[in-house]
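Structural overview
The lines below spell out each chain.
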Amino acid sequence: MSIEKILQSLNKLDMLHKSLLEIAYKKTEVIKTGDMDSLNQLLKDEQAHVAGISQLEQQRQTEVTDYLRAKGIAPTDNPTVALVLESTNTTEEKEQLGAARNKLLLTLETLKHQNDLNQKLTLQSLQFVNLTLDTLRPKPDQINYSKSEVQAPTYKNYFDSQA
């Protein structure tokens with residue numbers, strides 16, 4: 001049994017993750033500009049990509065399991081490409097598989113960094129909104145409807161709770 005199917009799956013996974021990375025780059029710009037309609041559309045696109053990646057990852061795991069079984073290796077709960085690399089006999093297959101794996105890992109690392117940046121930008125945006133709301137809310141000592149002081153209601157900050 002050859003590694004062709006596994007290579008195809010790894011290349012498709014890399015393509016989908018690169019497309020997801022493009023969405024992440026667009027999200028960065030949209031977060032900076034505050035365009036909520038575009039952000040909502042990008043989030044929908046992102047969900048569709050994640051669903052496709054999940055299906056393809058299941059296919060890759062099945063292909064790795066089938067390859068390992070054909071080589072007489074008992075399947076594991078987490079069938080990895082590293083296991084295939086260990087069991088591959090030819091240098092050419094090891095090089096092809098290693099290159100495809102490394103390309104995907106690099107894309108995943110770049111995507112992780114971009115998503116971390118987006119998360120930080122989103123948090124900063126929420127903090128800015130929170131600060132703006134705090135400046136617009138009346139303070140208890142600013143409300144005086146008559147000669148007697150009236151206590152202003154206490155406002156709860158919606159962004160104070162942790163997710």
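Not measured: the values here are computed from a predicted model.

1. Concerning the packing of helix H1 (residues 4–33) against helix H2 (residues 36–70)
- It is at 9 Å that the axes of H1 and H2 come closest, and there the two elements cross at 160 degrees. Here H2 runs roughly antiparallel to H1, going by the angle between their axes. The way H1 lies across H2 gives a crossing that is left-handed.
- A class-by-class count of the residues in the contact of H1 with H2 yields 16 nonpolar, seven polar and nine charged.

2. Examining the pattern of salt bridges
- Taken as a whole and assessed by the stated rule, the structure comprises six salt bridges.
- A salt bridge links Glu-46 to Lys-27; the nearest nitrogen and oxygen atoms lie 2.9 Å apart. Linking Glu-46 in helix H2 with Lys-27 in helix H1, this pair joins segments that are 19 residues apart in sequence. Here the two residues Glu-46 and Lys-27 agree in accessibility, since each one is buried.
- Note that Glu-57 and Arg-60 form a salt bridge whose closest N and O atoms lie 2.5 Å from each other. Taken as a pair, Glu-57 and Arg-60 lie in helix H2 at a separation of three residues, close to a single helical turn.
- What makes Glu-57 partly exposed here is its relative accessible area of 25%.
- Take Arg-60: its relative accessible area is 6%, and that puts it in the buried class.
- Three or more residues are tied together by salt bridges with common partners; here these are Asp-14, Lys-18 and Lys-103.

Rules used throughout
- Residues numbered from 1 in each chain as written.
- Predicted model: local features only at pLDDT ≥ 70, side-chain atom pairs only at ≥ 80, totals over all residues.
- Heavy atoms only, no water.
- Axes fitted to C-alpha atoms, helices over the stretch in contact; angles between N-to-C directions.
- Helix = DSSP H or I, 4+ residues; strand = E, 2+ residues; numbered from the N terminus.
- Parallel < 35°, antiparallel > 145°, perpendicular 65-115°, else oblique.
- Left-handed = near helix turned anticlockwise from the far one by under 90°.
- Nonpolar A, V, L, I, M, F, W, Y, C, P; charged D, E, K, R; others polar.
- Salt bridge = Lys/Arg side-chain N within 4 Å of Asp/Glu carboxyl O.
- Buried < 20%, exposed > 50% of the residue type's maximum accessible area, 1.4 Å probe, protein only.

None of this, on its own, says anything about what the molecule does.
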